[in-house]
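In case you want the letters, here they are:
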Amino acid sequence: MWTWLIVIIVSVIVSLTSLVTVLPVSLLLDRGKRRLMHGVAVQWGKILLAICPYWSLRIDGHEFVKKNRTYVIVANHQSMLDILVLLASLPVHFKFMAKRELMPVPIIGWHMALAGYVRLDRESKESGKQALLKSREWLRKGVSILMFPEGTRSMDGKVHTFKVGAFKLAVDEHVEILPVAIDGTGDAIPKKSWRLNKESRFVVSIGKPVKAKIDEKCSIEDLRDAVQREIAQRLQVLRSEL
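These numbers were taken from a predicted model, which means no experiment stands behind them.

Participant: Looking at this structure, how should I read the side chain of His77?
Facilitator: The topology assignment puts His77 in the loop between β2 (71-75) and α3 (82-89). Assessed through its relative accessible area of 9%, His77 is described here as buried. What His77 contacts, discounting residues up to four positions off in sequence, is Asp82, Phe148, Glu150, Thr152, Arg153 and Ser154.

Participant: It is not clear to me how helix α5 (residues 125-140) should be interpreted in this structure. Could you clarify?
Facilitator: One turn of the α-helix equals 3.6 residues, which is why residues spaced by three or four share an orientation. Given a rise of 1.5 Å per residue, 16 residues ought to cover 22 Å, and the 23 Å separating the end C-alpha atoms of α5 matches this to within 8%. Within α5, burial applies to Ser127, Ala131, Ser135, Trp138 and Leu139. The arc that holds every buried residue of α5, seen down its axis, measures 120°, which confines them to one face. For α5, the exposed residues lying more than 90 degrees away from the buried face are Lys125, Lys129 and Arg140.

Participant: Got a minute to help me understand the side chain of Asp121 in this structure?
Facilitator: Here Asp121 lies in the loop between β4 (118-120) and α5. Non-local contacts of Asp121, meaning those with residues more than four positions away in its chain, are made with Arg100 and Ser127.

Participant: Please explain the packing of aromatic side chains as it appears in this structure.
Facilitator: Centre distance and the angle of the planes are the two values used to describe a pair of aromatic rings. Scanning the entire structure with this criterion turns up three aromatic pairs. Ring centres of Phe162 and Phe167 lie 6.3 Å apart, and the angle between their planes is 20°; on these two criteria the pair is classed as stacked. There is no split in this pair, since Phe162 and Phe167 are both buried. The positively charged end of Lys95 is found above the aromatic ring belonging to Trp138, 4.8 Å away from the centroid. Of note, Lys141 hangs over the ring of Trp138, and the distance from its end group to the ring centre comes to 5.0 Å.

Calculation notes
Residues numbered from 1 in each chain as written. Predicted model: local features only at pLDDT ≥ 70, side-chain atom pairs only at ≥ 80, totals over all residues. Heavy atoms only, no water. Helix = DSSP H or I, 4+ residues; strand = E, 2+ residues; numbered from the N terminus. Buried < 20%, exposed > 50% of the residue type's maximum accessible area, 1.4 Å probe, protein only. Contact = heavy atoms within 4.5 Å. Expected span 1.5 Å × (residues − 1). Arc of directions from axis to C-beta. Phe/Tyr/Trp six-rings, centres within 6.5 Å; stacked < 30°, edge-to-face > 60°. Lys NZ or Arg CZ within 6 Å of the ring centre and 35° of its normal.

Rendered as structure tokens:
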């Protein structure tokens, strides 16, 4: 309850402050990228991880990320906390896909919409197509896209079969794929639960960017499988260190 109280109070303060002070500047100077609004979300993530007494974060592989590059960021998915942890961890401007139901939520949902995060209705194929089109637009503006190719959160913490959409997007737009392994978030908030475990240690392991290129020797499925193996192996290494 204490942790949830901190999350709610900080979220309201940061969101309201950004709507009043950052949004007007963003609309005038941000050139359509909404970088400043994303920057607010990054600070929100960092503040929460810094002040919540039961959470800690370790980041490996920062040296593989170039701040001026555009990526399709591919990560495993364990918990609703994954976005929070990645906002605090990744030193690049990115957008992510968010469930449509979250956008109308007062304050936090409004901020997500104003930051340009991509709206997605999982039950609608048309919504999926529109989300991919919007993701292409962001990539062409030089803004990275974060995707969870498992499609949903893992119930058992294992990396499950990736869908090919993120990889097709990277190939079509000629951007590198940035593989990221996340661990610890699934233990903090298990799927289909709002219960926060008392102490949680989050670890983010960033791999070397992968060229999104297919030919007669490497199909889109081969590319997907290679990145999936990379993330699964990183996850295995993280857990062996515990």
